[in-house]
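# Geometric and topological summary
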Amino acid sequence: MSDAVAPSARTTLRRGTNRAVYERDRVLEILDAGMIAHVGVQTPDGPLVLPMAYGRDDEKLYLHGAAANHLLGTGQGHEICATVTLIDGLVMARTPFHNSMNYRSVVVRGLATKIEDPDEKLRTLKLITDHVVANWDEGRDVSEIDNRKTLVLEIPLAEASAKVRDGDPIDEEEDMAGPWWSGIIPIETRFLEPYPAADFTGTNEMPAQYGALAGKTPDERVL
Ligand SMILES: Cc1cc2nc3c(=O)[nH]c(=O)nc-3n(C[C@H](O)[C@H](O)[C@H](O)COP(=O)(O)OP(=O)(O)OC[C@H]3O[C@@H](n4cnc5c(N)ncnc54)[C@H](O)[C@@H]3O)c2cc1C
């Protein structure tokens, strides 16, 4: 696999080009740290963007939902767009005009194709399920009926771009000596200690990998 994704015309950043990241490893790193993709499709009643879980392998991004899922059903066979965003801080400038956010985001654009092969569907459902924490092998096996009730779409990772903002506010030269506070308000998401469901009566111990998440950030879980 190459170290850089060759940006296509439509995944080349036109604005904020200094924040563009096309190294494939960085793109995959952001996808791995993220937990939610905002998936956009064109529907007959207008554009629709919904948050969804996702999984990936080296070549493709995978999305799943109920067989009757409106967004995925409409998107299959069409170009769709999935965006993953991590927010690292609020950037407070000397004027609200220059406020910003520190972030890492990935945009994937491509043709969404329905996965028909049942074995491939199971493989990709495992990727989606295990993306945040390994869980596929823990619960009751997924049945044939569960499999049939689920729609999985794949999108090639061939056209993906990342944009990363880091660091201080960028203010106007003439505002720099002013009295206004400027700086960063960091933002961090952390997993907490898991607890059993109120109606849990099972006998299995909690899988160790769930407890191992406690205290970690989403980035740290994939390190
Ligand atoms: C948390 C967050 C908050 C933001 N808030 C604002 C805001 O309030 N206003 C605002 O104008 N912009 C905001 N941005 C930046 C925004 O995502 C766009 O990058 C920017 O608006 C330029 O848009 P454009 O249509 O001119 O992009 P263009 O540069 O024309 O986009 C061309 C291509 O570059 C890629 N690209 C563009 N943006 C991104 C991205 N963020 N991540 C990965 N690939 C990208 C895509 O492949 C896209 O097809 C924010 C970004 C993040 C992550």
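Before going into details, it helps to say that this report is about the structure given with it. (Residues numbered from 1 in each chain as written. Predicted model: local features only at pLDDT ≥ 70, side-chain atom pairs only at ≥ 80, totals over all residues. Heavy atoms only, no water.)

## Thoughts on the site of the ligand
Close contacts around the ligand come from 15 residues, with Arg10, Arg14, Ser105, Ser161 and Lys163 the closest. One of the backbone nitrogen or oxygen atoms of Arg14 is found 2.7 Å away from an oxygen atom of the ligand. Relative to its unbound accessible area of 870 Å², the ligand is 61% covered by the protein chains. Partitioning the shell around the ligand into residue classes produces five nonpolar, five polar and five charged. (Near = heavy atom within 4 Å. Polar contact = N/O pair within 3.5 Å; in protein donor to acceptor, adjacent residues only side chain to side chain. Areas by Shrake-Rupley, 256 points an atom, 1.4 Å probe, with all protein chains shown as cover. Nonpolar A, V, L, I, M, F, W, Y, C, P; charged D, E, K, R; others polar.)

## Observations regarding the pattern of salt bridges
One pass over the full model with this rule turns up 17 salt bridges. The closest approach of N and O atoms between Asp58 and Arg56, which form a salt bridge, is 3.6 Å. The buried category is assigned to Arg56, whose relative accessible area is 18%. A salt bridge links Arg104 to Asp219; the nearest nitrogen and oxygen atoms lie 2.6 Å apart. Here Arg104, found in strand β7 (residues 100-111), pairs with Asp219, found in helix α6 (residues 218-221); they are 115 residues apart in sequence, far enough to count as distant. Since its relative accessible area comes to 16%, Arg104 is described here as buried. (Salt bridge = Lys/Arg side-chain N within 4 Å of Asp/Glu carboxyl O. Buried < 20%, exposed > 50% of the residue type's maximum accessible area, 1.4 Å probe, protein only. Helix = DSSP H or I, 4+ residues; strand = E, 2+ residues; numbered from the N terminus.)

## Overview of the pairing of strand β2 (residues 37-43)
Within β2, five of the seven residues are buried, which leaves the element mostly enclosed by the surrounding structure. Summarising the sheet, β2 and strand β3 (residues 46-52) pair through seven bridges and their orientation is antiparallel. Residue Thr43 lies in a different strand from β3, and its bridge partner there is Gly46. In this structure, the hairpin formed by β2 and β3 is closed by a connection of two residues. Both β2 and strand β6 (residues 79-92) contribute to a ladder of four bridges, which runs antiparallel. Bridge assignment links Ala37 to a residue of β6, and that residue is Val84. (Pairing = 2+ DSSP bridges.)

Limitation: the analysis is restricted to geometry and does not speak to function.
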